[in-house]
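# Descriptive structure summary
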Amino acid sequence: MPQSNPILKADDLSKRYEDGVLALDHLNLDVRGGEAYCLLGANGAGKTTTINLFLNFIPPTTGTCFITGIDVTKDPLEAKKHVAFVSENVMLYGNFTARQNLDFFAKLGGKPDLTKEQYYQVMRRVSLQEKAFEQRVKNFSKGMRQKLGISIAVIKDAPAILLDEPTSGLDPKAAEEFLEILGELKKEGKAILMSTHDIFRAKEIGDRIGIMKEGRLVMERTREQLQYEDLVKIYIDYMKSEPLTA
Amino acid sequence: MLKTIVKKEILENIFSYRFPLFALICVVLIPLGLFVNNAQYAKRLKDYNEQVRLADEAQSGLKIQDLMAGRVTIKGFRPPSQLSVFSQGLESALPAYYQFAQDGFSQGESSSSDATLTSTQGKFDFVFLIQMVVSLVGLLFASDMISGEKESGTLRAMLSNSLPRDAILVGKIAGGYLALLAPFLVALVLGVMLLLPGGFPLFAGDIPARIAVMAGAAALFILIYYVIGTMVSAMSAKARTSLVTILLIWSGFQLVIPKLSDMAAALINPVRTDTQVSLEKSLLINTLETESAKELGREYDKIFVGKSGQDAANDQNSPEMKKWAPIRDEMQLKTRENKAAQLAAIDETFLAQQRRQRKLAAALSLISPSAAFGRLAADICGTGDLARTKYIEAVRSHQNALENELFSKVKRTLMMHEGGRTTMMFSAQPVDPKKLPKFAVKPASLGEALKANAASIGALLFWLITPFAFAYVRFLKYDVR
């Protein structure tokens, strides 16, 4: 069950890039603990910009992002203590083993004293093959990399998890395994904000689903509402609709 | 947190394909360079000792007749610098010896007369390796430090944590630099140990201190290039752009600026050639001696008139001779002093012109950290500009000493009389050739070398601080997307 206080909150968030493109237009959303919020939308709709703003990779033009109530722009270092991030192509050091990567990011995430066994436990939890623990990551498949990526998020044990198209390019089995782990994290009370193109996975994991178009959140549905509506049709209708700025 | 980044950066570099390659280059080339140069130094030292022995023998066998005939030239050889093993610098470009004669000194041939065309592009020594190889590797190691991590996405992964950007930058520089420095230091220690069986006086005098200071300067130089590489990487969005920029910077610093600075200095402050100066001096000597001979002839003819005068000239105790002797001595002294002063003025003007040109070239070359390091290292090793200055100082001092102890003991009185008749008279004081001063060049101390290179050290610090400041400012706003 989602908790009452939002862990992730975007308050009237806008971003206009230097070239004049309005990537995000007055976005308001919140994600509570134990809740998964999926952002759907075409390329350039503003999904990744939203995540970049939450991670303070770019400053907002207007509005504010909050992580556990901390203003990301004002205190980014404190805010980032409470968030983990998994991207489409999980970014890892190819010449390091899975455990070395996990060890490095765990230390950056504020877990300096974990043992080798603890790392192994986390990797077992995300169903990474045992033999891969001490193998160099450069030989990993995308599915293995994603599993290691989520294990980094798991080990950080942050209340919020941001995922930028994490199932993109995964085979169905790997995507399914990935969603299972996300489901477990959700049950643990994590607030999950996931951008994705994958309508089916979004429907599967999302407690709420928002559709973005041209930087605006044009639709939001809860899991319950979607029991009676066809998400695919809604999504395609929005994509086909006239440009908002026209 | 910083420790974690440093450790990661060290490991990442060690695990990369570049590291074993670089380590191999260092461990093979640095000891090999030192070993070969030590063997060459031993050869040069042997040659020097033999040449000094022969010159001493020749000096001991000096005959007064040769002195009177003006045929005596004494050679003063410059000892090879022990630390030329590390930096050849001007070692083979400086004259192997100077020749001292009554008319002044002149430089002998340089020891580079057997140089090959490729060797003129830089001697294969420790400093050359640092300047040309390690600097490039340092730049390449740093080239993808920021932009490469951006491309691979790991920078986003790092920055999604509670991690200050300055800590990332400092940690990455420190870790990458340590990974670069380790094989270099190991290779240096190996190389120095390899010198010992070759008889290198490693623990003599201030040699350990000089090697330590040079190693420190080399470490600073490598750090500079690493920081410059970091700056370029932080200013580029793509690793490929960094790489191209870095190669341009490297070729500019290593090859273009040092040579351009010499050319620019020669254009701004032109200096006459040695031959022109030598001709001017010969002309002056000829003119002064002719004038002196004419004046002496006139005075002589006034005193020694007619047949009685000729008789008086043959009698050392005649009143005419007693009158003539002080006049002759005074005129000769005046001529000698005048000649010495004018020759010194020509030399001084020439040397001052050369100094100005070299100073300008040195100042211009400081635009390149490589040139600044090369100058500093050469002076620490006693093969730089300071060694040249000390050499010239020693030469001038020795010329003066020989003037007092040898050349002034012989007087040749050339007289040109009315009607074109010429006579020459000789007088000589006894000279003990074995007691003549020995030529010696006092090497510059380490303190003098560092003091003379204050500008080079300043330039190196500038090249460390400025790129770091740029990298820092740029990285704080670096777009990691």
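Nothing here was measured: the structure is a model prediction, and the numbers come from that model.

For chain A, the helix and strand inventory stands at 9 helices and 10 strands. Dimensions along the principal axes, computed over C-alpha positions, put chain A at roughly 55 × 40 × 35 Å. With 246 residues in all, chain A has 48% of them scored as buried. A separation threshold of at least 6 residues defines the contact pool for chain A, and within that pool the share at least 24 residues apart is 70%.

When helices and strands are counted, chain B shows 16 helices and 5 strands. The C-alpha radius of gyration computed for chain B amounts to 31 Å, which surpasses the reference 23 Å derived for 481 residues by more than 25%, pointing to a less compact arrangement than a globule. With respect to the three principal axes, the spread of C-alpha positions in chain B is 115 × 45 × 35 Å. By residue count, 36% of the 481 residues in chain B fall in the buried class. Within chain B, residue pairs in contact and separated by at least 24 positions form 81% of the contacts whose partners lie at least 6 positions apart.

Ranked by size, the top nonpolar core spans 175 residues in total, and within it Phe54(A), Leu102(A), Ile161(A), Leu162(A), Ile192(A) and Tyr226(B) carry the most contacts. The biggest single contributor to this core is helix H8 (residues 207-235) of chain B, with 15 residues. Not counting residues within four places of it along the chain, the set of residues in contact with Leu162(A) comprises Ile51(A), Phe54(A), Leu55(A), Val83(A), Phe85(A) and Leu193(A).

For the rest of this paragraph, the subject is the pairing of strand S2 (residues 22-32) of chain A. All names here are of chain A. When strand S1 (residues 6-16) meets S2, the two strands line up antiparallel, connected through 7 bridges. Within S2, the position partnered with Ala10 by the bridge is Leu29. Here S1 folds back onto S2 in antiparallel fashion, the turn holding 5 residues, of which Gly20 has a positive phi close to 95 degrees.

With that settled, consider the interface of chain A and chain B. If you look at the interface, chain A gives 22 residues, while chain B gives 20 residues. Listed by contribution, the elements that provide at least two residues to the side of chain A that touches chain B are helix H2 (76-80) and helix H3 (98-108) of chain A. No other element matches H3(A), which puts 4 residues into the side of chain A that touches chain B. Residues that form the side of chain A that touches chain B fall into these classes: 12 nonpolar, 6 polar and 4 charged.

Before going further, it helps to examine the sheet that holds strand S8 (residues 191-196) of chain A. Residue and element names in this part refer to chain A. With respect to topology, 6 strands assemble into an open sheet ordered S6-S7-S8-S3-S9-S10, the strand pairing being mixed. Only two strands of the sheet have a single neighbouring strand rather than two, namely strand S6 (83-86) and strand S10 (216-222). Sheet twist, expressed as the average angle between the axes of neighbouring strands with direction ignored, equals 15 degrees. Taken together, the 6 bridges between strand S9 (residues 208-213) and S10 define a ladder with antiparallel strand orientation. What sits directly across from Ile209, in S10, is Arg221. Docked against the sheet, helix H6 (residues 172-187) engages strand S3 (36-41), strand S7 (160-164) and S8, running at close to 150 degrees with respect to S8. Helix H9 (residues 231-240) rests against S3, S9 and S10 of the sheet, and its axis sits at about 20 degrees to S9.

Helix length check: helix H1 (residues 2-15) of chain B (14 residues) gives 20 Å between terminal C-alpha atoms against 20 Å at 1.5 Å per residue, within 8%. Those residues of H1(B) that fall on the buried side of the exposure criterion are Ile5(B), Val6(B), Lys8(B), Glu9(B), Glu12(B) and Asn13(B). Buried residues of H1(B), seen end-on, are gathered within an arc of 165 degrees and therefore sit on one face of the element. Turning to H1(B), the residues buried within the fold contact H3 of chain A together with helix H2 (18-60), helix H4 (126-143) and helix H7 (165-195) of chain B.

Turning next to the sheet that holds strand S5 (residues 70-71) of chain A. Residue and element names in this part refer to chain A. Overall, antiparallel pairing links the 4 strands, which are arranged S2-S1-S4-S5 in an open sheet. Sheet topology places S2 and S5 at the edges, where each strand pairs with a single neighbour. Sheet strands in contact with helix H1 (residues 47-54) are S1, S2 and strand S4 (62-67), and its direction is about 115 degrees off that of S1.

Looking now at the pairing of strand S4 (residues 410-416) of chain B. All names here are of chain B. In terms of strand pairing, S4 meets strand S5 (residues 422-428) through 7 bridges, oriented antiparallel. Paired with Arg412 across the two strands is Phe426, which belongs to S5. Hairpin connection, S4 to S5: the antiparallel pair is bridged by 5 residues, and Gly419 has positive phi, about 90 degrees.

Even without glycine at this site, His26(A) takes up a positive phi of about 50 degrees. Within the secondary structure, His26(A) is located in strand S2.

Our next topic: the packing of H2(B) against H4(B). Residue and element names in this part refer to chain B. In the contact formed by H2 and H4, the axes pass within 11 Å of each other and the chain directions differ by 175 degrees. The pairing of H2 with H4 is recorded here as roughly antiparallel in orientation. Here Arg18, Phe22, Ile25, Leu29, Ile30, Gly33 and Leu34 of H2 lie close against H4, whose contacting residues are Phe126, Leu129, Val133, Val137 and Phe141. Taken together, the residues that form the contact of H2 with H4 break down as 10 nonpolar, 1 polar and 1 charged.

Analysis parameters
- Residues numbered from 1 in each chain as written.
- Chains lettered and ligands numbered in written order.
- Predicted model: local features only at pLDDT ≥ 70, side-chain atom pairs only at ≥ 80, totals over all residues.
- Helix = DSSP H or I, 4+ residues; strand = E, 2+ residues; numbered from the N terminus.
- Buried ≥ 20, exposed ≤ 12 C-beta atoms within 10 Å, placed from the backbone.
- Contact = placed C-beta atoms within 7 Å.
- Rg over C-alpha atoms; globule rule 2.2 N^0.38 Å.
- Core = buried A, V, L, I, M, F, W, Y, C linked by C-beta atoms within 7 Å.
- Pairing = 2+ DSSP bridges.
- Nonpolar A, V, L, I, M, F, W, Y, C, P; charged D, E, K, R; others polar.
- Axes fitted to C-alpha atoms, helices over the stretch in contact; angles between N-to-C directions.
- Expected span 1.5 Å × (residues − 1).
- Arc of directions from axis to C-beta.
- Parallel < 35°, antiparallel > 145°, perpendicular 65-115°, else oblique.

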